[in-house]
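If you want the building blocks of each chain, they are given just below.
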Amino acid sequence: MSAVRGAALGELAAFGGAPAVPAGLRTLPWPVVTDADRAAVAGVLDEGPLVSNADGPTAVSALEERWRALCAARHCVATSNGTTALALALFALGIGPGDEVIVPALSFVASGLAPLHQLAVPVFADIDPVSFTLDPAAAAAAVTPRTAALLAVHLHGQPADMDALRAIADRHGLAVIEDAAQAVGALWRGRPVGSLGDAAAFSLQVTKNVPTCGEGGLLTFADEQAAHRAVMARQFGEVMEAGRPRDYISHLLGWNHKMNPVQAAFALSQLDRFADYEAARQHNVADFLARIDGLPGLLPPSAAPGSTHAWHILRFRLDPAAAGLDGVDPAGMRRAVHRLLRAEGVPVSRYQVTTLPRQRVFTDREGFGRGLPWSLGQPPPEPPVPVAEAVVADSLTLQKRHLHPDAGLALRSYAEGFAKVWRHLDVVRNMALRSGR
Ligand SMILES: *Cc1c(COP(=O)(O)O)cnc(C)c1O
């Protein structure tokens, strides 16, 4: 069959051919660590201060100011990681026990855990099949009298539909919180993520687009009072004032969610190169997507009209009918394409093997015991999330490799790998049918 298309089966690496991707292009370093980054870290070790509650400017306060400006936000508060940033965003906006927070059914698990940390209940709503972000119609349908907030996840670097979500929030008096962990630098109608909601949470975890040398998080706020609450809550509920000795009085529930200045200094140094890396990434990804354009049954990612995608993760959906693979189900096609691409050296993987509502912590209601926090209210029945289910079943992702500014050559070889596999859709069909049995 493949001979009809003029391609010999033997060209596929899975059948003994030479892989499309040379070994050296299968992984690219991320984060990119330069001498400037090393010097920034050494500077903190040599000169301190090593904690961020020290009087006067620190690397942490410098990072907060820089990030605030980058996001065109009013206030910025640094935290220990993206998950604590989400939890503090909810806390600072007064979202707590028994409140419901609408969360998209496809995200990293932290988006669903953060409400639980505040004894609030995550209510999962379906996503849009193209942008992979919260579907405004599904979000609107999930609103109940207990709903307090919408958590808009800018998944993979694509901003959620903030106009539609804001309209729903305004209609029902809800807060809008951005989970921008994957989306620093992304724009929605020309406005940066981090300036679009009542609060936004970012992550500096090493795999993100602006990485630190470990863990870190940032929060932005529109409201000064909310920002102040977050500053207190990250420091045991205390009020720390410049020039005044610490008084060890806790005014409200607090945690220790501070960022370490070493992490801040490394992230500041990375930010010096962020604009250049971002420009290279936009160029490299556009070139890659143009190269794989038009392969039947392959739905590459795209930026929603009017938005700038940060391309943190590239997600490819597979459509067996459009590929001419009658009788093959999407998961079967995904498994076969995954195996063939991996054999070619294309480092595709899955991002989330299940939807959030199917995670055991939520199905088994493993909260704080005694049914908490769900027992604080009457959570609505979970609506089905067919789009999120379909996307988990029928798609593969490319992560991290394309973040490197010099990823162009690697991406060209990945595109060749895709083209090669698509010359052998008959093999995909046979493998898919066999794996399904
Ligand atoms: C990474 C991530 C988080 C959590 O960030 P951490 O810094 O790892 O705690 C939350 N939400 C999304 C969408 C993420 O990708």
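Residues numbered from 1 in each chain as written. Predicted model: local features only at pLDDT ≥ 70, side-chain atom pairs only at ≥ 80, totals over all residues. Heavy atoms only, no water.

Put simply, the rule is: UniProt positions are given in the numbering used here, feature names are shortened, and annotations may be inferred rather than shown by experiment.
An unreviewed UniProt entry lists the chain under the name dTDP-4-amino-4,6-dideoxygalactose transaminase, with Allonocardiopsis opalescens given as the organism. On record in UniProt, under Cofactor (unreviewed entry), the comment for the chain is "pyridoxal 5'-phosphate". Heading Sequence similarities (unreviewed entry) of the UniProt record for the chain holds this comment: "Belongs to the DegT/DnrJ/EryC1 family."

So, the domain arrangement of the chain
Applied cut-off: Boundaries of every domain are those given by an automatic assignment or by a domain database. Residues are treated as being in contact if the distance between any of their heavy atoms lies within 4.5 Å. Buried area: the sum, over both parts, of the accessible surface (1.4 Å probe) that disappears when the two are put together.
Examined at the domain level, the chain breaks down into domain 1 (3-25 + 274-353 + 389-435) and domain 2 (35-271). Look at where the C-alpha atoms of domain 1 and domain 2 centre, and you get two points 32 Å apart. Each partner contributes residues to the interface: domain 1 has 22 residues there, and domain 2 has 28 residues. Buried surface at the junction of domain 1 and domain 2, summed over both partners, amounts to about 2,100 Å²; 57% is from carbon and sulfur atoms.

Points about the nonpolar core
As a rule of thumb, nonpolar side chains are buried together in soluble globular proteins. Applicable threshold: The nonpolar core is taken to be a set of buried Ala, Val, Leu, Ile, Met, Phe, Trp, Tyr and Cys residues, with the residues joined through side-chain atoms within 4.5 Å. Each residue is placed in one exposure class: buried if its accessible area under a 1.4 Å probe, protein chains only, is under 20% of its type's maximum, exposed if it is over 50%, and partly exposed if it falls in between.
Among the nonpolar cores identified, the biggest contains 94 residues, and Leu63, Trp67, Ile95, Phe202, Leu218 and Phe221 are the most heavily contacted of them. Taken domain by domain, this core gets at least three of its residues from each of domain 1 (3-25 + 274-353 + 389-435) and domain 2 (35-271). One finds Val21, Phe288, Leu295 and Phe316 within the second-largest nonpolar core, a separate group that totals 40 residues.

A few points about the sheet that holds strand S13 (residues 348-349)
The test is simple: Whether two strands pair depends on DSSP finding at least two bridges between them. Here a strand is any run of E in DSSP of at least two residues, a helix any run of H or I of at least four, and the numbering for each starts at the N terminus. Note on method: axes are straight lines fitted to C-alpha atoms, helices fitted across the in-contact stretch only, with angles between N-to-C directions ranging 0 to 180 degrees.
On the basis of which strands lie adjacent, the open sheet formed by four strands has the order S10-S12-S14-S13 and antiparallel pairing. One side of each edge strand has no neighbouring strand; the edge strands of this open sheet are strand S10 (298-299) and S13. Two elements, S10 and strand S12 (residues 313-318), share two bridges in a ladder whose sense is antiparallel. Looking across to S12, one finds that leucine 298 is bridged to leucine 318. Against the sheet, helix H11 (residues 386-394) engages S12 and strand S14 (395-399), with an angle of about 95° to S12.

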